[in-house]
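Residue strings, one per chain:
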Amino acid sequence: MTGARIEFFYDLSSPWTYLAFTNLQPILARTGTEAVLRPILVGGVFNAVNQSVYAAREATDNRKLNHAWKVMKDWSKLAGVEMHFPSQYHPAKSVVAMRMACTLADDMPALTKFTKAAFESYFGRQENLDDPETLVAVAKAAGLDGDAMQAAAQTDAVKALLRSNTEEVIARGGYGSPTIFVDGTKMYFGNDQLPLVEFALKEKPA
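The rules we used
- Residues numbered from 1 in each chain as written.
- Predicted model: local features only at pLDDT ≥ 70, side-chain atom pairs only at ≥ 80, totals over all residues.
- Heavy atoms only, no water.
- Buried < 20%, exposed > 50% of the residue type's maximum accessible area, 1.4 Å probe, protein only.
- Helix = DSSP H or I, 4+ residues; strand = E, 2+ residues; numbered from the N terminus.
- Right-handed = clockwise from strand over helix to strand, strands pointing away.
- Core = buried A, V, L, I, M, F, W, Y, C linked by side-chain atoms within 4.5 Å.
- Contact = heavy atoms within 4.5 Å.
- Polar contact = N/O pair within 3.5 Å; in protein donor to acceptor, adjacent residues only side chain to side chain.
- Phe/Tyr/Trp six-rings, centres within 6.5 Å; stacked < 30°, edge-to-face > 60°.
- Lys NZ or Arg CZ within 6 Å of the ring centre and 35° of its normal.
- Pairing = 2+ DSSP bridges.
- Axes fitted to C-alpha atoms, helices over the stretch in contact; angles between N-to-C directions.

> What is the right way to look at the pairing of strand β2 (residues 35-39) in this model?
Every other side chain in a regular strand lies on the same face of the sheet, so the side chains alternate between the two faces. Counting buried residues along β2, 5 of its 5 residues qualify, which places the element largely inside the surrounding structure. Every second residue of β2 is oriented toward a common face, with Ala35, Leu37 and Pro39 on one face and Val36 and Arg38 on the other, all of them buried. After leaving strand β1 (residues 6-10), the chain enters helix α1 (residues 15-31) and then returns to the sheet as β2, a path that is right-handed.

Now the structure itself:
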């Protein structure tokens, strides 16, 4: 899907990314825009450029973080998504899931289906995002060849693609998931900045 105006760098383990992915869809429809989904490992991004995330998670008296959980629940109601977070499987490493996502990099409709199904599995039904059998079942339920995806996810080419995507978003200034680019250079972060994404889409491409 060359020439798409939106790049959506994301990790399936992020609840805010689930919200952004959901809320992006009507924006794409309203603007007639296509998006390229770019799977990454958000842990790799945090380790490289945003380690303060870990300290914030451990601070039980962090008012900003505690309020964010309340706001996240409000956003989930507004978006109409079932959000049960955190679950017993949090935090998820998501390596297998993101490699399986990378196997669909050349088929955006299929990758979109898998992404949506995986989000619903992890955040809706509280299933284990790190369990290969669960991921295969999720893919099959979405009408995809989960066994083939799991096999391909173990190849060097797919592993390299996930590393490359993660390194690319860091190099381009990203610091978490989702990182969204409009027309290659306009970077936005997270669900809350989607109005700015839509505004940028309505401007003429540079």
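> What is the right way to read the nonpolar core from this model?
One broad trend across soluble globular proteins is that nonpolar side chains are buried collectively. Counting 54 residues, the largest nonpolar core has Ile6, Phe8, Tyr10, Leu12, Phe114, Leu144 and Val197 as its most contacted members. No other element matches helix α6 (residues 108-124), which puts 9 residues into this core. Leaving out residues up to four positions away in the same chain, Ile6 has contacts with Leu24, Leu28, Thr33, Glu34, Ala35, Val36, Ile180, Phe181, Val182, Val197 and Leu201. By size, the runner-up hydrophobic cluster in this structure holds 5 residues, among which are Phe9, Ile40, Val45 and Phe181.

> What is the right way to read the environment of Phe46 from this model?
Its location among the elements puts Phe46 in helix α2 (residues 42-49). Along the primary structure Phe46 and Tyr175 are separated by 129 residues, whereas in three dimensions their C-alpha atoms are 6.7 Å apart.

> Mind showing me how you'd approach the side chain of Asn23 here?
Along the chain, the position of Asn23 falls in helix α1. Residue classification places Asn23 among the buried residues on the basis of a relative accessible area of 18%. At a separation of 2.8 Å, a polar atom in the side chain of Asn23 contacts the side chain of Asn191.

> What am I meant to see in the packing of aromatic side chains here?
The geometry of two aromatic rings is summed up by the distance between their centres and the angle between their planes. Tallying each qualifying case throughout the model produces 11 aromatic pairs. The interplanar angle of 35° and the centroid separation of 6.1 Å between the aromatic rings of Phe119 and Phe123 together place this pair among those described as tilted. Residue Phe119 and its partner Phe123 are located together in helix α6, separated by 4 residues, close to a single helical turn. Here Phe119 falls in the buried class, since its relative accessible area comes to 0%. Using a relative accessible area of 0% as the deciding quantity, one classes Phe123 as buried. Lying over the aromatic face of Phe181, Arg172 brings its terminal NZ or CZ to 3.9 Å of the ring centre.

> I keep staring at the sheet that holds strand β3 (residues 179-182) and nothing clicks. Help me out?
Hydrogen bonds between backbone groups are what pair the strands of a sheet, and the pairing can be parallel or antiparallel. Pairing is mixed in the open sheet, where 4 strands are placed in the order β2-β1-β3-β4. Each edge of the open sheet carries a strand with a single partner, namely β2 and β4 (186-189). Taking the axes of each pair of neighbouring strands and ignoring which way they run, one obtains an average angle of 20° across the sheet. Two strands pair when backbone bridges link them, and β1 and β2 are joined in this way by 5 bridges, in the parallel orientation. Each bridged residue has a counterpart across the sheet, and for Glu7 the counterpart in β2 is Val36. Against the sheet, helix α10 (residues 194-202) touches β1, β3 and β4, its axis set at about 15° to β3.

> For this particular structure, what's the right way to read the pairing of β4?
Where β3 meets β4, 4 bridges bridge the pair, whose relative direction is antiparallel. Following the sheet pairing, Phe181 is matched in β4 by Met187. Linking two consecutive strands that pair antiparallel, namely β3 and β4, is a turn of 3 residues; a positive phi of about 55° is found at Asp183 within it.

> Looking at this model, I keep getting lost on the environment of Val81. Mind explaining?
Among the secondary structure elements, Val81 is positioned in the loop between α4 (63-79) and α5 (95-102). Taking the relative accessible area as the measure of exposure, Val81 reaches 13% and is therefore buried. Through-space distance from the C-alpha of Val81 to that of Gly124 is 7.8 Å; in sequence the pair is 43 residues apart. When residues no more than four places from it in sequence are discounted, the contact partners of Val81 are Tyr18, Leu19, Thr22 and Ser76.

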